[in-house]
Amino acid sequence: MLNQNKETELTGLYPRFSHIYIEKELKGNGEAERILSHFPNAVIITINHYKDLFNRRRQDSCLQHRSQKLILAQKHGRMLYKGAPVCQDFGNQYFYYASCVMNCIYDCEYCYLKGMYPSGNLVLFLNNQDVFSELRSMLAVHPVYLCISYDTDLLALEGLTGYVSEWAAFVLHNPGISVEIRTKTGSSSFWGKILERLDFGKDKEAAASALDRMIVAFTLSPEEVILRHEAGTGSLLERLRSIRAGIEMGFRVRLCFDPMIWSPDWKERYEGMIEQVFEELPEGMLHGIRDVGIGSFRISERYLKAMRRVLPHSAIVQYPYENDGGYYHYGRDLIDEMEGYLAKLVGKKLPAEKIFRWETIGDRGINR
Amino acid sequence: MLFLFCSDFDEAGPLIKKMRLKKRREAFAFQQFADDRKEIIMTISGRDPIAVAACVGAVLAKEGAGCGDSLLSIGTALSCLGNGKEGKLWVLNKITDAYSGRCFYPDMICRSPFLEIDAKSGSSGRGSDFLKRERLQTGTVSEKEINSMEDGVSGLYDADSAAVFQAGSHFLAPHAMSFLRLAVESACIADDISGLEKDEGGAERKYIEAQVEAEENGRYDLKSEGLLCRQMLSHDIARMMEACAEDVLLYADCFAKSCRAAWPEYCEKQGADNENVGMTADDLAAGLHCSETMKSGLNQLLRFANVIGKDWRALVAGYKAEGAYPCRNKRDGKIIMEKLRKSLLK
Ligand code: SF4
């Protein structure tokens, strides 16, 4: 598929995080100060509430993304949300997600956030402790499977926030929770930091259990898709090397071939990708693959409509999808062909029970 | 189109001259100047916020402002900065309406050569009180402090930026509006200068007298201050504006370009028939006897074909040659549409 997305020439834009907006209640807050110290040259602007900025009318989220600003805020009200028809729940009954960050520093062309949020700026919520306390109350009643990298790529921000490491410490002390961190990062440095927080020196058994409940899920796409449609993310090779590093440290990693993107030569692309995946993750490493998710591109009608307005030259966004109860997806036959083909290729290396297809989980998924 | 707004001629004059703008002759409630190519319109809005909002709304509505357009508001503002900051141009990154307390944030996307600051915006003597208070609180402030001022400790006070932003945001995105303010020691909120002495010394004397009186009364009346100092300042303002006109023009050019460059995709007419060559999507839909639902599906299909550069017209020409198009009825139309779909999605 041709990517006809015009690269408009925009010179003279401020770089990412040239301006940081901070809620006035957070002035002087230790965590806020720590984040600000990363950006000594940023202009700091005090705001009353992040929504005053984030929810303004008529914003151009795509343009804003090219000169993205950081908003430091506190989240009020509910901290945890029931996993709506949004991503694969891998059969978990108590499936929730937390939104510690809104928006992403990566810029995937097909990302539903473009249709969901009115702004392209990044909101960082600093009151993680409130999320933890709500979660503790929930854990007193039932176990929880929690997606923490939901409306963002949390690992892409780990150097700035350290949130994933904080979560690791929480997981260590709360046996009822499993945490999924979806990512397209090419970095490998975070693995060691998670291990540090799991503190194997103290209680090996608890640490091993926590390690198993920290589920890092890598989205993998053919290199052509990454180059054309997943701006800023790690290359396929970088992602695979990171996965390898994680497995070598004892993690069991989830692979997500989701979203699969159609193009006239999709078969060759995905076949080439699978070859590369299993070259980098040979036989001896397959024990470290927890499971595999496969899903073709799908998105809610509301988000796609908004995206079609702002991305009229994107072939992914303008594809004539079929609409089923408010969700757009490829035609049934094509879905079966694409997902089935990939499942077959993966099935040559991994047992069927490790392979989850979006439709085998329920007709409710969405991908990112 | 770049829409420039200034409160009065003192502020606008040097820019009009530098940009070689010509007075518009057509009857309109506000004085306007435009370039030959009709890409820049400068409007003199007056200073009162209500009049300013009316002006901005009227101009943007009349010109059909929308995506790709930009608004640059240029003016003066009272300064509480001290430390020689007066006489410099600032770009506003936050505007607080002095009456409602609502804050407005122009997007800071396009680089500017100017320092940034926040401003309060309103048009009464409260501005003066505010400045006095702020001065007491802040004294002399460093550049870093200016950039990270505590809430409520604003750097500038002007009459109109909140009004411009609110009116402008009905037409333009927050990245397409920018606010430049020349910080002056004492700006003028009132426009009426009748009855004032013409000589500068006299105005200055009255100004000082008014200040003394205000101190004695424990009250600082900006209106009389404005009336008195206006004459004294108008000359200075024009001179200061002239000094920074070059920078303003450079910024205006870069800002307008960024806004245009950001929007071409959005601005382009949506729809499959955005190329005025040969058969349009509407023609095709008619030949296929499409219902409204079919038509919207067809439009999306053709839009996609345009995006990936597939020539759907050539395919339709093929159906025509086979005698399959135009179709006899909707049923046949559906068959041809499916054929077209399969060919385009191959
Ligand atoms: S799809 Fe994921 S990684 Fe890509 S921009 Fe969206 S949140 Fe970030």
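Keep in mind the model is a prediction, meaning the values are calculated, not measured. (Residues numbered from 1 in each chain as written. Chains lettered and ligands numbered in written order. Predicted model: local features only at pLDDT ≥ 70, side-chain atom pairs only at ≥ 80, totals over all residues. Heavy atoms only, no water.)

Trainee: Could you clarify how one ought to interpret the sheet that holds strand 18 (residues 355-357) of chain A in this entry?
Mentor: Strand pairs in the sheet, formed through backbone hydrogen bonds, run parallel or antiparallel to each other. Residues and elements named next belong to chain A. Strand order in this open sheet of 8 strands is 4-5-9-10-11-13-14-18, and the pairing throughout is mixed. The strands lining the two open edges of the sheet, one partner per strand, are strand 4 (80-82) and strand 18. Across the sheet, the mean angle from the axis of one strand to that of its neighbour is 25°, orientation sign disregarded. Inspection of the sheet shows strand 14 (residues 289-296) paired to strand 18 by 3 bridges, in the parallel sense. In the sheet register, Gly293 faces strand 18, and the bridge partner there is Phe356. On top of the sheet, helix 9 (residues 204-213) reaches strand 10 (177-183), strand 11 (214-219) and strand 14; it is set at about 30° to strand 11, its chief contact. (Pairing = 2+ DSSP bridges. Helix = DSSP H or I, 4+ residues; strand = E, 2+ residues; numbered from the N terminus. Axes fitted to C-alpha atoms, helices over the stretch in contact; angles between N-to-C directions. Contact = heavy atoms within 4.5 Å.)

Trainee: For this particular structure, what's the right way to read the packing of helix 11 (residues 236-248) of chain A against helix 12 (residues 266-280) of chain A?
Mentor: The relative placement of two packed helices comes down to the angle between their axes together with the axis-to-axis distance. All names here are of chain A. Axis separation between helix 11 and helix 12 bottoms out at 10 Å; the angle between their running directions is 35°. As for how helix 11 packs across helix 12, the hand of that crossing is right-handed. Where helix 11 approaches helix 12, its residues Leu236, Leu237, Leu240, Arg241 and Arg244 are matched on the opposing element by Met273, Gln276, Val277 and Glu280. For the contact of helix 11 with helix 12, the residue count by class is 5 nonpolar, 1 polar and 3 charged. (Left-handed = near helix turned anticlockwise from the far one by under 90°. Nonpolar A, V, L, I, M, F, W, Y, C, P; charged D, E, K, R; others polar.)

Trainee: Got a minute to help me understand the pairing of strand 5 (residues 95-98) of chain A in this structure?
Mentor: Side-chain positions along a regular strand alternate between the two faces of the sheet. Residue and element names in this part refer to chain A. Alternating positions in strand 5 separate into two faces, Phe95 and Tyr97 on one and Tyr96 and Ala98 on the other, with burial throughout. Pairing geometry for strand 5 and strand 9 (residues 144-147), over 3 bridges, is parallel. Following the sheet pairing, Tyr97 is matched in strand 9 by Cys147. (Buried < 20%, exposed > 50% of the residue type's maximum accessible area, 1.4 Å probe, protein only.)

Trainee: Help me out: how do you make sense of the pattern of salt bridges in this one?
Mentor: Pairing between side chains of opposite charge can happen when the charged atoms of each approach one another. Inspection of every chain in the model, using the stated rule, returns 32 salt bridges over all chains. Notably, a salt bridge pairs Glu339 of chain A with Arg357 of chain A, separated by 3.0 Å at the nearest N-O pair. You can see Glu339 of chain A sitting in helix 15 (residues 332-347) and its partner Arg357 of chain A sitting in strand 18, a full 18 residues away along the chain. Each member of the pair, Glu339 of chain A as well as Arg357 of chain A, is classed as buried. A salt bridge links Glu246 of chain B to Lys18 of chain B, with the shortest nitrogen-to-oxygen separation between them at 3.8 Å. Of this pair, Glu246 of chain B sits in helix 7 (residues 222-262) while Lys18 of chain B sits in helix 1 (residues 9-19); the two residues are 228 residues apart in sequence, bridging distant segments of the chain. Ionic contacts of the salt-bridge type, sharing partners, join the residues Glu180, Arg182, Arg254 and Asp291 of chain A into one network. (Salt bridge = Lys/Arg side-chain N within 4 Å of Asp/Glu carboxyl O.)

Trainee: What is the right way to read a negative patch on the surface from this model?
Mentor: Negative charge collects at one region of the surface, where Glu268, Glu271, Glu275 and Glu279 of chain A lie side by side. Within the element layout of this structure, Glu268 of chain A appears in helix 12. (Patch = residues over 30% accessible without salt bridge, like charges linked within 9 Å, V, L, I, M, F, W, Y side chains within 5 Å. Areas by Shrake-Rupley, 256 points an atom, 1.4 Å probe, with all protein chains shown as cover. Lys, Arg positive; Asp, Glu negative; His and termini not counted. Charge placed at Lys NZ, Arg CZ, Asp CG, Glu CD.)

Trainee: Would you take a moment to explain the packing of aromatic side chains for this structure?
Mentor: Two aromatic rings are characterised by how far apart their centres lie and by the angle between their planes. Applying the stated criterion across every chain, the model contains 30 aromatic pairs over all chains. Their ring planes at 65° and their centres at 6.1 Å tell us that Tyr110 of chain A and Phe297 of chain A sit as a pair that is edge-to-face. Taken together, the residues Tyr110 of chain A in the loop between strand 7 (107-108) and helix 4 (113-116) and Phe297 of chain A in the loop between strand 14 and strand 15 (298-300) connect sequence positions 187 residues apart. We classify Phe297 of chain A as buried; its relative accessible area is 1%. The structure contains a cluster of three or more aromatic residues connected by ring pairs, namely Tyr110, Trp262, Phe297, Tyr319, Tyr321 and Tyr330 of chain A together with Phe304 of chain B. (Phe/Tyr/Trp six-rings, centres within 6.5 Å; stacked < 30°, edge-to-face > 60°.)

Trainee: I would appreciate a short explanation of unusual backbone geometry in the present structure.
Mentor: Most peptide bonds are trans, and most residues other than glycine sit at a negative phi. Of note, the amide linkage connecting Asp258 of chain A to Pro259 of chain A takes the cis form, showing an omega dihedral of 10°. Considering the arrangement of structural elements, one finds Pro259 of chain A in strand 13 (residues 253-260). Cis peptide bonds are those with omega within 30 degrees of zero, and the linkage from Tyr325 of chain B to Pro326 of chain B qualifies with -5°. A positive phi angle, close to 55°, is found at Arg20 of chain B, a residue other than glycine. Here the phi dihedral of His289 of chain B falls at roughly 55°; this positive angle occurs in a residue that is not glycine. Turning to its location among the elements, His289 of chain B is positioned in the loop between helix 9 (281-287) and helix 10 (292-308).

Trainee: Got a minute to help me understand the layout of surface pockets in this structure?
Mentor: Empty pockets left among the atoms are what a rolling probe the size of a water molecule brings to light. All names here are of chain B. Within this model, the second largest pocket holds a volume of roughly 520 Å³. Taken together, 17 residues form the lining of the second largest pocket, with Thr293, Met294, Ser296, Gly297 and Met337 sitting closest to its centre. Within the residue set of the lining of the second largest pocket, elements represented by two or more residues are helix 10 and helix 12 (330-344). Looking at which element gives the most residues to the lining of the second largest pocket, the answer is helix 10, with 8 residues. Taken together, the residues of the lining of the second largest pocket break down into 6 nonpolar, 6 polar and 5 charged. (1 Å grid on protein atoms, 1.4 Å probe; cavity = no way out; pocket = protein on both sides within 12 Å on 5 of 7 lines; lining within 4 Å. Points joined across faces, edges and corners; volume = space filled by probe spheres on them.)

Trainee: How should the pairing of strand 10 (residues 177-184) of chain B be read in this particular structure?
Mentor: Residues and elements named next belong to chain B. Where burial is concerned, most of strand 10 is hidden: 8 out of the 8 residues are buried. Side chains Met177, Phe179, Arg181 and Ala183 project from strand 10 onto one buried face, and the interleaved Ser178, Leu180, Leu182 and Val184 project onto a second face that is buried too. Of the strand pairs in this sheet, strand 5 (residues 70-79) and strand 10 are connected by 8 bridges, and their pairing is parallel. Bridging from a neighbouring strand, Gly75 pairs with Arg181 of strand 10.

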